[in-house]
Amino acid sequence: ETGVTQSPTHLIKTRGQQVTLRCSSQSGHNTVSWYQQALGQGPQFIFQYYREEENGRGNFPPRFSGLQFPNYSSELNVNALELDDSALYLCASSRVPEGRGEQYFGPGTRLTVT
Amino acid sequence: AQSVTQLGSHVSVSEGALVLLRCNYSSSVPPYLFWYVQYPNQGLQLLLKYTTGATLVKGINGFEAEFKKSETSFHLTKPSAHMSDAAEYFCAVTFTGTASKLTFGTGTRLQVTL
């Protein structure tokens, strides 16, 4: 069984640029969630995708957007990067409805905005 | 709205001593509760979960947690700490039903000393 994978592992961008982060779900999972973890903080929910549609969103501005593909992989796009966007971005996959809320996390992408 | 409070941002124990990490939650509906562990520069690994049924749940690496509805608590314990247990621990809650967003606590850093 393949776990959740994310790419790239590290990324450095300049303020104002755009970035795309990628995630491959665990085999058999149909839902992907994205979280932002700032240094020294717990992860914060960005949004979730189910059946290629956004299925819930946290308190993040519209410049954070995403996609889910038919193979359940996903992208997180962030436009007009700000310094505060520097964080570890975590992708988690799950199986709805059987999963009972259990989410499996990838290793994360460390984004640094300068 | 659901929330999680982890008491103690840092906990230090001696190797072989009892580990107790505290988590209290707030939820207007029956919760699903989780403990995750995060090692440096890595993603989150699921330690254990409570969904329904037995209130004492056992997880990996000798950890266990007890769901106490009357106290709205889900504290994590391990009888004997090992050096390899040093990591950041996060308590998280979600609603029953679908794989909705996880709300995380701010984390507790566990230090294990000789």
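In the block above lies the structure referred to throughout.
This is a predicted model, so every value here is computed, not measured.

### A few points about the overall build of chain A
Scanning chain A from terminus to terminus reveals zero helices and eleven strands. For chain A, the C-alpha radius of gyration of 13 Å lies close to 13 Å, the compact-globule estimate for 114 residues. Overall size of chain A, expressed as C-alpha extent along the three principal axes, is 40 × 25 × 25 Å. As presented, chain A carries roughly 5500 Å² of accessible surface, and 47% of it is formed by carbon and sulfur atoms. Distance between charge centroids for chain A: 4 Å, based on 9 positive and 10 negative side chains.

### Focus: the sheet that holds strand E3 (residues 19-24) of chain A
Residues and elements named next belong to chain A. Read across the sheet, four strands follow the order E1-E3-E8-E7 without closing on themselves; strand pairing throughout is antiparallel. Edge positions in the sheet fall to strand E1 (5-7) and strand E7 (64-68), since each has one partner strand and no second. With strand direction ignored, the average angle separating the axes of adjacent strands in the sheet is 20°. Examined bridge by bridge, E3 and strand E8 (residues 74-78) share five bridges and lie antiparallel to one another. Residue pairing for E8: Leu21 is matched across the bridge by Leu76.

Quick notes on the rules
- Here, residues in each chain are numbered from 1, in the same order as that chain's written sequence.
- Lettering of chains starts at A and numbering of ligands starts at 1, both following the order in which they are written.
- For this predicted model, a pLDDT threshold of at least 70 governs which residues receive local features, and a threshold of 80 or more governs which side-chain atom pairs are given and counted, while totals over whole chains, interfaces and linings are taken from all residues.
- The basis for the side-chain values is all heavy atoms of the structure; hydrogens and waters are excluded.
- Where helices and strands are cited, they refer to DSSP runs of H or I of at least four residues and of E of at least two residues respectively, numbered from the N terminus.
- Radius of gyration here is computed from C-alpha atoms only, and the compact-globule reference equals 2.2 Å multiplied by the residue count raised to the power 0.38.
- A 1.4 Å probe and the Shrake-Rupley method give the accessible areas. Residues count as covered only by the protein chains that appear here.
- Charge counting follows a simple rule: Lys and Arg are positive, Asp and Glu are negative, and His as well as the terminal groups are ignored.
- Each charge is placed at NZ for Lys, CZ for Arg, CG for Asp and CD for Glu.
- For two strands to be treated as a pair, DSSP must find no fewer than two bridges joining them.
- Axis geometry follows a simple rule: fit a line to the C-alpha atoms, using only the stretch in contact for helices, then measure angles between N-to-C directions, giving values from 0 to 180 degrees.

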